[in-house]
Amino acid sequence: MSVSTVAAAPSVCAPLPVLGRDVTVPLVTGGEVTYAALDYAASAPALQRVWDDVAAYAPYYGSVHRGAGYLSQLSTDLFENARRTVAEFLDCREGDQVVFTRSTTDSLNLLAAALPADCRVFVFETEHHASLLPWRGAQVTYLDAPRSPREAVETLERALADRTVSLEGGHGPALVCVTGASNVTGELWPVRELTAAAHAHGARIVLDAAQLAPHHQVSVADLDVDWVAFSGHKLYAPFGSGVLAGRADWLRAAEPYLAGGGASRKVGRREDGGVDVEWHDSAARHEAGSPNVIGAYALASACKALTEAGFDTLVAREQYLVRAVRDGLADVPEVRFLSLFGDEAPRVGVLSFVVEGWNSSHFAAALSAEYGIGVRDGLFCAHPLLRTLLGSDPQAQGECGAPEAAPGEKSLNAIRVSFGAGTPDEHVERFVRAVKELVADGAKWNYRTEDGRCVPDTSA
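Residues numbered from 1 in each chain as written. Predicted model: local features only at pLDDT ≥ 70, side-chain atom pairs only at ≥ 80, totals over all residues. Heavy atoms only, no water.

Student: Quick rundown of the layout of surface pockets? Include the residues and the values.
Tutor: Approximately 370 Å³ is the volume attributed to the second largest pocket. If you go around the second largest pocket, you meet 18 residues; those closest to its centre are Leu 188, Trp 189, Val 191, Arg 192 and Leu 223. Contributing elements (two or more residues each) for the lining of the second largest pocket: helix H7 (191-200) and helix H8 (220-223). Considering every element that reaches the lining of the second largest pocket, the biggest residue donor is H7, with 3 residues. (1 Å grid on protein atoms, 1.4 Å probe; cavity = no way out; pocket = protein on both sides within 12 Å on 5 of 7 lines; lining within 4 Å. Points joined across faces, edges and corners; volume = space filled by probe spheres on them. Helix = DSSP H or I, 4+ residues; strand = E, 2+ residues; numbered from the N terminus.)

Student: Any details on the nonpolar core? Residues and values, ideally.
Tutor: By size, the foremost hydrophobic cluster in this structure holds 82 residues, and its most contacted members are Val 86, Leu 90, Leu 156, Leu 207, Phe 230 and Val 243. Per-element tally for this core: the top contributor is helix H10 (residues 293-309), with 9 residues. Among residues more than four places away in sequence, those in contact with Phe 230 are Val 86, Leu 90, Ser 103, Thr 104, Ala 209, Ala 210, Ala 213, Leu 235, Gly 242, Val 243 and Leu 299. In this structure, Val 332, Val 335, Trp 358 and Ala 364 belong to the second largest nonpolar core, which totals 34 residues. (Core = buried A, V, L, I, M, F, W, Y, C linked by side-chain atoms within 4.5 Å. Buried < 20%, exposed > 50% of the residue type's maximum accessible area, 1.4 Å probe, protein only. Contact = heavy atoms within 4.5 Å.)

Student: Could you give me a rundown of empty space enclosed by the protein, with the residues and numbers involved?
Tutor: The method is simple in principle: a probe with the dimensions of a water molecule rolls over the atoms, and the space it marks as empty is what remains. Under the counting rule described, the total for this entry stands at 2 cavities of 30 Å³ or more. Taken as a whole, the largest cavity holds about 80 Å³ of empty space. In terms of lining residues, the largest cavity is bounded by Pro 214, His 215, Phe 311, Leu 314, Val 315, Arg 317, Glu 318, Gly 420 and Ala 421. Of the residues contributing to the lining of the largest cavity, the split by class is 5 nonpolar, 2 polar and 2 charged. Roughly 40 Å³ of internal volume is contained in the second largest cavity. What lines the second largest cavity is simply Tyr 40, Ala 41, Ala 44, Gln 211, Pro 214, His 215, Lys 234 and Tyr 236. Here the residues of the lining of the second largest cavity are counted per class, giving 5 nonpolar, 2 polar and 1 charged. (Nonpolar A, V, L, I, M, F, W, Y, C, P; charged D, E, K, R; others polar.)

Student: A description of the environment of Phe 239 should follow, citing residues and the corresponding values.
Tutor: Here Phe 239 lies in the loop between strand S9 (227-231) and strand S10 (242-246). For Phe 239, a relative accessible area of 21% puts it in the partly exposed group. Measuring from C-alpha to C-alpha, the distance between Phe 239 and Tyr 257 comes to 21 Å, with 18 residues separating the pair along the chain. Discounting chain neighbours no more than four positions away, the residues touching Phe 239 are Val 50, Trp 51, Val 54, Asn 292, Ile 294, Gly 295 and Ala 298.

Student: Can you break down the sheet that holds strand S16 (residues 376-378) residue by residue, with the values?
Tutor: The strand order S13-S14-S17-S16 describes an open sheet built from 4 strands, whose pairing is antiparallel. Either end of the sheet is taken by a strand with one partner, and the two such strands are strand S13 (335-337) and S16. Between one strand axis and the next, the sheet turns through 30° on average, direction left out of account. As defined by bridge partners, strand S14 (residues 350-355) adjoins strand S17 (residues 414-418) across 4 bridges and the pair is classed as antiparallel. In the strand pairing of S17, Ser 352 is matched with Arg 416. Sheet strands touched by helix H12 (residues 360-371): S14, S16 and S17. Its angle to S14, the strand with the most contacts, is close to 115°. (Pairing = 2+ DSSP bridges. Axes fitted to C-alpha atoms, helices over the stretch in contact; angles between N-to-C directions.)

Student: Got a sec to walk through the pairing of S10? Specific residues and values, please.
Tutor: Counting buried positions along S10 yields 5 of 5 residues, so the element is predominantly enclosed. Alternating positions in S10 separate into two faces, Gly 242, Leu 244 and Gly 246 on one and Val 243 and Ala 245 on the other, with burial throughout. Of the strand pairs in this sheet, strand S4 (residues 97-101) and S10 are connected by 5 bridges, and their pairing is antiparallel. Among the inter-strand pairings, Gln 97 is bridged to a residue of S10, identified as Gly 246.

Student: Go over the pattern of salt bridges with me, naming the residues and quoting the values.
Tutor: Under the criterion given, the structure shown has 28 salt bridges. Note that Asp 39 and Arg 376 form a salt bridge whose closest N and O atoms lie 3.0 Å from each other. Here Arg 376 lies in strand S16 and Asp 39 lies in the loop between strand S3 (36-37) and helix H2 (48-57), a separation of 337 residues in the sequence. Relative accessible area serves as the criterion here: at 16%, Asp 39 is assigned to the buried category. By relative accessible area, which is 34% here, Arg 376 ends up partly exposed. (Salt bridge = Lys/Arg side-chain N within 4 Å of Asp/Glu carboxyl O.)

Student: Any chance you could break down the confidence of the model for the protein for me, citing the residues and the numbers?
Tutor: On average, the protein scores 91 in pLDDT, and the residues at 70 or more come to 91%. Throughout residues 1-11 the model reports pLDDT below 50, and contacts reaching past four residues in sequence, or to other chains, amount to 12 contacts. In this model residues 393-399 is a low-confidence stretch, pLDDT under 50, and it forms 22 contacts with partners more than four residues away in sequence or in other chains. (pLDDT = per-residue confidence, 0-100.)

Student: Before we move on, can you summarise the sheet that holds strand S6 (residues 139-143) with the specific residues and values?
Tutor: Ordered by their spatial adjacency, 7 strands build an open sheet running S4-S10-S9-S8-S7-S5-S6, and the pairing between neighbours is mixed. Of all the strands in the sheet, just S4 and S6 have a single pairing partner and so form its edges. Recorded for the sheet is a direction-independent mean angle of 20° between the axes of neighbouring strands. Note: S9 against S10, 5 bridges, orientation antiparallel. Pairing of Ala 229 across the sheet is with Leu 244, part of S10. Sitting on the sheet, helix H4 (residues 104-113) touches S4, strand S7 (174-179), strand S8 (204-208), S9 and S10, and the angle it makes with S9 is about 150°.

Student: With reference to specific residues and values, describe unusual backbone geometry.
Tutor: The phi dihedral of Asp 91 is positive, around 55°, even though this residue is not glycine. By the secondary structure assignment, Asp 91 is in the loop between helix H3 (70-89) and S4. Owing to a relative accessible area of 38%, Asp 91 belongs among the partly exposed residues under this scheme. Residue Tyr 236 is not a glycine yet carries a positive backbone phi of 70°. Here Tyr 236 falls in the buried class, since its relative accessible area comes to 1%.

Take a look at the structure:
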């Protein structure tokens, strides 16, 4: 479907019901307004269906894998069924493991702890900190920000080829970590091509799908990635759950991520006073402690809801909203959208921008206080990428700066608007109107910096 086709169809589909759609918030200028939640990239609201499923299960809550009672057995079945649902959602291969974690960050730290000795890691500087920072125990090669999908593939191929030469033709273990969709620009990365490049050079690849899975169908089998990681709280299931899914061999060979009950199959005392431990080789090996059954169930419920809604339908509507923002602000020269691959690059419902003459923290605070619109401002846990996109383009200071920033970087921040399956048209329309009014007329209220945040000044 072409962009023009999507833009011409404002009723592509109705948004999925989410919690908070009727919440009202006070305006600093007086009165109240329905809150426009446009910070889905940080945490998406819970789908109403997810909340209903969790509420229906809550009276039957019991310990998982820990008891013979009816509620424990019910909860165990529900937990393991959730694992199967997630495997189906991701189109996992036979033999792949689905490990429940707390988040994408937790998942990638788990994988980092499971790397074989002498493993080399390759990661672009454009990654979210969740996928940029966990590899502290490995030899890491940080790759420069590419300016096109083709350049991304070529950059990786060169780095992997140099590795092969340095090993004199050998192929020690190597891992590539790459995002599926940028949490800053929303741009889609060439995952299939990067995977082919990694495998051609004897490396494995893990996909950070935190921003991709809520917006596009992710098939482990089709993309041929070795692992995929994502978070429930970005997938309309904000109950502290995450997933690492993929090949089992490195996970089985590694020491448990956490040592404790559930990860151990058998523990016995030795004559010398110590203990011998036999660890599970299933996903339980890395799920020590009482499992987050509600988080797993909520995540599985969200997977089912998105699958039943149909990603083709969801993508079509989301692209309409993306075009509504870009077209609506096209005649505002003060607004500059941030991009690595160009304005027309395919993207999910995530857009970051700066406004000439404004500090982004000040602008975001005015959107919230005067219009009831929630967006994100700052560096979005992707500091190297934002410095690449903004470092050579200083902005004028607004009334609120960023006091925690390094000298010379007081204006190094941006605004991010993001949306998804639960976003009504009215929220995007109100956002576009608000941006235009603030640029044209300025803020109606005075603001000050408090505890590192720009807030309305109510001292008068």
